[in-house]
Amino acid sequence: MSIPEPSAYTNMQTFHKTHRADWDNLEQTLKAFRGAKSCTPAQLDDLHTLYLKVSQHVSICQTYFPQSQLTGYLNDLATRAHNTLYRGQVSSSNQIKQFFAHTFIDLFWERRFFIGLAALLFIFGGLIGYLMVYNQPDSLQTLVPGIPNDPETLREGMLVPAATMSSSIMTNNIQVAMLAFAGGATLGLLTIYLMIYNGISVGALACYFWQQGASYEFWAYIVPHGIIELTAIFIAGGAGLLMGYKVLVPGTAPRSHQFITQAGQSCFLLLGTIPLFIVAGIIEGFITPAPIPLEVKYMVAILTVFALMLYVALGRKKSTKNVMN
């Protein structure tokens, strides 16, 4: 959802006249939800769409009319809508469906620049690790401490029995994501370090296996789970980078307000990555080390890419349709 050009909102009366109908509709919708014992998915979609619109209006008012009563009113209206959506005034099943079908994807799309930046930092780290091992093979032990000295032992380490690995893998990846997210409190410095450091590790290993003539096998053991796993880590990293950016460049709002607002929304974004980590952990624990043809592992990776793209595309299509309506 894109915010219209700021020039359209330099006059508060024009802004009020243009969007009053949306605010009234949200007020009426909240009244209907307050007295209802249950709701339909269509009603929940309407509430979510109005909530997104008013949340944008709050941001605009905080920028152009920070001291006006209208800003306070819209902030209260958006808060009430948020509480209705996420604090139990609708059924749990509808909340979960709404979150993963729309809210998570909307948050992802709004932060796509910073998520992409997190991915670029990882790639940058990957290039550093690759070039360092390429120029000095012995540096692998420094870049990836504890790594076995010979390729055969290293390969066997990638084939640890699934039952002992799946849960620990998932737990470790979630911890990395949480640290990348929390790195926003350090102005994004910790997040930047984690993205680059993890990239260096992967790049160093990639170069090592290339030198051993085993690149095809190496990537077959990485990409099946890595596509989903890295996507989730990039999402968490993007949330951390955005928080750090908003503290450094808060605009007209106080830094503390920007940080709290971004942290609250990013917590939902982080929550949405948990199913991704679960799926990645299952693949890494059971499919990645399985004695199956390497081509099958690559096919799993391709399927995960298409599944993620389809998930985002369908969610965006639905959200765009709701906003236009």
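Anyway, here's the lowdown on the structure attached to this text. Model, not experiment: these values are computed from the prediction. (Residues numbered from 1 in each chain as written. Predicted model: local features only at pLDDT ≥ 70, side-chain atom pairs only at ≥ 80, totals over all residues. Heavy atoms only, no water.)

Some remarks on the overall build of the chain
Helices and strands together make up the secondary structure of the chain, namely 13 helices and zero strands. Reading the helices (α) and strands (β) of the chain from amino to carboxyl end gives α-α-α-α-α-α-α-α-α-α-α-α-α. Expressed as a percentage of the 325 residues in the chain, the buried residues total 45%. Expressed as a percentage of contacts within the chain between residues at least 6 apart in sequence, the contacts between residues at least 24 apart total 78%. (Helix = DSSP H or I, 4+ residues; strand = E, 2+ residues; numbered from the N terminus. Buried < 20%, exposed > 50% of the residue type's maximum accessible area, 1.4 Å probe, protein only. Contact = heavy atoms within 4.5 Å.)

A word on helix 9 (residues 189-211)
Helix length check: helix 9 (23 residues) gives 33 Å between terminal C-alpha atoms against 33 Å at 1.5 Å per residue, within 8%. Positive phi appears at G213, one or two residues downstream of helix 9, with a value of about 70°. (Expected span 1.5 Å × (residues − 1).)

A short note on the packing of aromatic side chains
Taken as a whole, this structure holds 11 aromatic pairs when the rule is applied. Pairing F113 with F114 gives two aromatic rings, centres 5.2 Å apart and planes at 90°, and the pair type is edge-to-face. Residue classification places F113 among the exposed residues on the basis of a relative accessible area of 61%. Residue classification places F114 among the buried residues on the basis of a relative accessible area of 14%. Members of the aromatic cluster, each reached through a chain of ring pairs, are Y208, F209, F218 and W219. (Phe/Tyr/Trp six-rings, centres within 6.5 Å; stacked < 30°, edge-to-face > 60°.)

Points about the nonpolar core
Judged by nonpolar contacts, the single largest core of 49 residues is most densely connected at L140, M195, I235 and L269. Looking at this core element by element, the count peaks at 11 residues for helix 10 (residues 215-248). If near-sequence neighbours (up to four positions away) are discounted, L269 is found in contact with F104, L107, F108, R111, I235 and A239. Ranked by size, the runner-up nonpolar core spans 20 residues in total, among them L47, L50, V58 and I60. (Core = buried A, V, L, I, M, F, W, Y, C linked by side-chain atoms within 4.5 Å.)

Some words on the pattern of salt bridges
The tally for this structure, following the rule as stated, stands at six salt bridges. The shortest N-O distance in the salt bridge between D22 and K53 comes to 3.9 Å. Of the two residues, D22 is situated in helix 1 (residues 12-34) and K53 in helix 2 (residues 41-64); the sequence distance between them amounts to 31 residues. The exposure class assigned to D22 is buried, which follows from its relative accessible area of 17%. Judged by relative accessible area, K53 falls into the buried class, the value being 17%. Note that R111 is salt-bridged to E110, the shortest N-O span being 3.4 Å. Owing to a relative accessible area of 2%, R111 belongs among the buried residues under this scheme. Because the salt bridges share partners, they merge into one network encompassing E27, D76 and R80. (Salt bridge = Lys/Arg side-chain N within 4 Å of Asp/Glu carboxyl O.)

Side note on the packing of helix 5 (residues 112-135) against helix 10
For any two helices packed against each other, the geometry is given by the interaxial angle and the distance between the axes. It is at 7 Å that the axes of helix 5 and helix 10 come closest, and there the two elements cross at 115°. Comparing the axis directions of helix 5 and helix 10 gives the class roughly perpendicular. In the packing of helix 5 onto helix 10, the handedness of the crossing is right-handed. Contact residues: F114, I115, L117, A118, A119, L121 and F122 in helix 5; L230, F234, I235, G237, G238, L241, L242 and Y245 in helix 10. (Axes fitted to C-alpha atoms, helices over the stretch in contact; angles between N-to-C directions. Parallel < 35°, antiparallel > 145°, perpendicular 65-115°, else oblique. Left-handed = near helix turned anticlockwise from the far one by under 90°.)

What about the side chain of T71?
Tracing the chain through its elements places T71 in helix 3 (residues 69-86). Not counting chain neighbours up to four residues away, the residues in contact with T71 comprise C61, Q62, F65 and P66.

Regarding a nonpolar patch on the surface
A cluster of nonpolar side chains, L187, L189, I192, Y245, L248 and V249, forms an exposed patch at the surface whose accessible area comes to about 530 Å². Along the chain, the position of I192 falls in helix 9. For I192, a relative accessible area of 32% puts it in the partly exposed group. (Patch = residues over 30% accessible without salt bridge, like charges linked within 9 Å, V, L, I, M, F, W, Y side chains within 5 Å. Areas by Shrake-Rupley, 256 points an atom, 1.4 Å probe, with all protein chains shown as cover.)

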